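Tertiary structure, described
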Amino acid sequence: MSEKLKAVAYCRYSSHLQREESIKAQLRAIQKYADDNGYILLDSYIDEAQSAKTDDRISFQQLMSDIKSGNIKIDAVVVHKGDRFARNRYDAAIYKNFLKQHHIRLLSVTENLHDNPESVILESVLEGMAEYYSLNLQREVRKGLKENALGARTTGGTPPLGYDVDKSTQKLIINESEAEAVKMIFGMYLDGFGYSEIINELNANGYKTKRGQVFGKNSINSILHNLKYTGVYTYNLVAPKYKSSGKPIRYGKADNEDMIRIDGAVPQIISKEDFEAVQTKMRERQHKAGRYNAKANYLLSGKIFCGECGSPYSGNKRKASSTHPEYISYRCSKQNGKKKCNNKEIRKELVEDMVLNKLSDIIFDNNIIPKILDNVNEFIVDKESSVKLSKINAENRLKELSKQIDNLVDVIANTGSKAIME
């Protein structure tokens, strides 16, 4: 009796809406196919909720790696249907050729393909149909998203900090507690504070990102650039660029006809004037030698303002040369801008010593100390009020979430739906 051929199964389903039973059905069909055609099924490789339009699938890549390294010695890979293996003709050709180089056949349970010329044509047609289905599905999904965008409705994903999604209208509504954090970020940036100082203040007030994490510089930068805070609904401001294989490699600006901007379609949190002022300040900071580029600790950065134009003074450092010593100073942030300010820079040591000496005189004056204590107490009361408001907002949000959880538990209890439980 001849020795049986060895094979492995590859199974996949593409959506979270599909269920585990889909994999079980594929495995049953593959096992029967192997038994009927003289194969021993050694193992199975399974990708759950993974699309075949890309080869970036964990178990799929593990299978290819095991074949390449020789960890498995097989004669065939068995799939339930060809589109489980790949829906992209480029990937299909690459990996089928890879299998052939290792003398391994790709077998389909539902598509009876052999090595004759007719099968080559049929296989090509089936792959083309699978790719057409995938691309057509993408097009229909994009069309649906664009229709939502034209109605200023959410297109999925997490809403920006400061907003929630109204379930009945699918439009953005203001989350009052988070909106306070957004206002704090814009306000502090306009007052000349840097990202690190803003992050420290947010953490001190107990604020988190929309995903419940601590703020980082990237999240602050993203918030400061988000037009939605001015009441403008935006969609598809950037578009993916693709390789010839269809894989996205980077993002660039979308064509004008693909972009959607609807003024007044989102509840406004930040005024357009403040938003534009922030954008101007961010551009200025990119082109100046400020506190982040200078290797010195500027105690008064963001606290000194120009008497001519009102812009904040920032740290500046000029390297020593053969004719001039190193010069560290504060200067107007508009000195290098398009509209240059001619106000003079001030030597760092001079202004810091002057301010610190003046503070020392004020703080340790017996007549002033009671006033300072009053101010401190007033500050503490304001902080407590802010914390109480945040606590009330958090408690209200917690009640909403608890109600949603109770409703979901009731639905599960009444319907016994496995899909909802998952």
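Conventions adopted
Residues numbered from 1 in each chain as written. Predicted model: local features only at pLDDT ≥ 70, side-chain atom pairs only at ≥ 80, totals over all residues. Heavy atoms only, no water. Helix = DSSP H or I, 4+ residues; strand = E, 2+ residues; numbered from the N terminus. Buried < 20%, exposed > 50% of the residue type's maximum accessible area, 1.4 Å probe, protein only. Contact = heavy atoms within 4.5 Å. Areas by Shrake-Rupley, 256 points an atom, 1.4 Å probe, with all protein chains shown as cover. Pairing = 2+ DSSP bridges. Patch = residues over 30% accessible without salt bridge, like charges linked within 9 Å, V, L, I, M, F, W, Y side chains within 5 Å. Salt bridge = Lys/Arg side-chain N within 4 Å of Asp/Glu carboxyl O. Arc of directions from axis to C-beta. Phe/Tyr/Trp six-rings, centres within 6.5 Å; stacked < 30°, edge-to-face > 60°. Axes fitted to C-alpha atoms, helices over the stretch in contact; angles between N-to-C directions.

1. So, the overall build of the protein chain
A count of helical and extended segments in the protein chain gives 12 helices and 13 strands. Put simply, the protein chain has 422 residues, and 33% of those count as buried. By sequence separation, contacts in the protein chain at least 24 residues apart represent 60% of the contacts at least 6 residues apart. Accessible area of the protein chain: about 26,800 Å², with a carbon and sulfur share of 53%.

2. Considering the sheet that holds strand 12 (residues 327-332)
Spatial strand order, 11-12-13: three strands in an open sheet with antiparallel pairing. The open sheet is flanked by strand 11 (313-318) and strand 13 (346-347), the only strands paired with a single partner. The pairing of strand 11 with strand 12 spans six bridges and is classified as antiparallel. Directly across from Asn316, in strand 12, lies its bridge partner Ser329.

3. A closer look at a nonpolar patch on the surface
A cluster of nonpolar side chains, Leu299, Leu356, Leu359, Ile362, Ile363 and Phe364, forms an exposed patch at the surface whose accessible area comes to about 560 Å². Residue position: Leu359 is located in helix 10 (residues 348-363).

4. Here's the deal with unusual backbone geometry
Phi is positive for His103, close to 60°, though the residue is something other than glycine. Backbone geometry at Gln170 places phi at a positive 60°, although glycine is not the residue there. With respect to the helices and strands, the residue Gln170 is situated in the loop between strand 5 (163-166) and strand 6 (171-174).

5. Comments concerning the pairing of strand 1 (residues 5-12)
Among the eight residues of strand 1, six are classified as buried, and the element is accordingly described as predominantly covered. With eight bridges connecting them, strand 1 and strand 2 (residues 39-47) associate as parallel partners. By the bridge assignment for strand 2, Ala7 is matched with Leu41. Strand direction decides the pairing type here: strand 1 and strand 3 (residues 76-79), joined by three bridges, are parallel. In the strand pairing of strand 3, Ala9 is matched with Val78.

6. Considerations on helix 7 (residues 195-204)
All of the buried residues along helix 7 are Tyr195, Ile198, Ile199 and Leu202. Each buried residue of helix 7 lies within a common arc of 100° when the element is viewed along its axis, so the set occupies one face. Residues Asn200 and Ala204 are exposed on helix 7 and point more than 90 degrees away from its buried face. Turning to helix 7, the residues buried within the fold contact helix 6 (176-190), helix 8 (217-225) and helix 9 (272-286). Looking one or two residues beyond helix 7, the residue adopting positive phi is Gly206, at roughly 80°.

7. Description of the packing of aromatic side chains
What the rule picks out here adds up to six aromatic pairs. Ring plane angle 35° and centroid distance 6.2 Å describe the contact between Phe186 and Phe275, whose orientation is recorded as tilted. Placement of the pair is Phe186 in helix 6 and Phe275 in helix 9, with a sequence separation of 89 residues. Of the two residues examined, Phe186 and Phe275, each falls in the buried class. Centre to centre, the rings of Tyr189 and Tyr195 are 6.1 Å apart; their planes meet at 50°, and the pair counts as tilted.

8. So, the pattern of salt bridges
In total, this model carries seven salt bridges according to the counting rule given. Across the pair Asp36 and Lys32 runs a salt bridge, and its minimum N-O distance is 2.9 Å. One end of the pair is Asp36 and the other is Lys32, both in helix 1 (residues 20-36) and four residues apart, which spans about a single turn. Lys32 gets classed as exposed once you look at its relative accessible area, which sits at 55%. Measuring nitrogen to oxygen at the nearest pair gives 3.2 Å for the salt bridge that ties Lys272 to Asp263. Residue classification places Lys272 among the partly exposed positions, given a relative accessible area of 35%. Using a relative accessible area of 54% as the deciding quantity, one classes Asp263 as exposed. Several salt bridges share partner residues, and in doing so they unite Asp164, Glu178 and Lys210 into one network.

9. Here's the deal with the side chain of Thr230
Structurally, the position occupied by Thr230 is in the loop between helix 8 and strand 7 (232-235). Excluding residues within four positions of it along the chain, Thr230 makes contact with Gln268, Ile270, Ser271, Lys272 and Phe275.

10. Considerations on the sheet that holds strand 4 (residues 105-108)
Taken together, four strands build an open sheet; the order of strands is 2-1-3-4 and the sheet is parallel. Unpaired on one side and paired on the other, strand 2 and strand 4 mark the two borders of the sheet. Taking each pair of neighbouring strands and ignoring which way they run, the sheet shows an average axis angle of 25°. Strand contacts of helix 2 (residues 58-69): strand 1, strand 2 and strand 3, with the helix running at about 135° to strand 2, the strand carrying the most contacts.

Treat this as a map of the structure, not an account of what it does.
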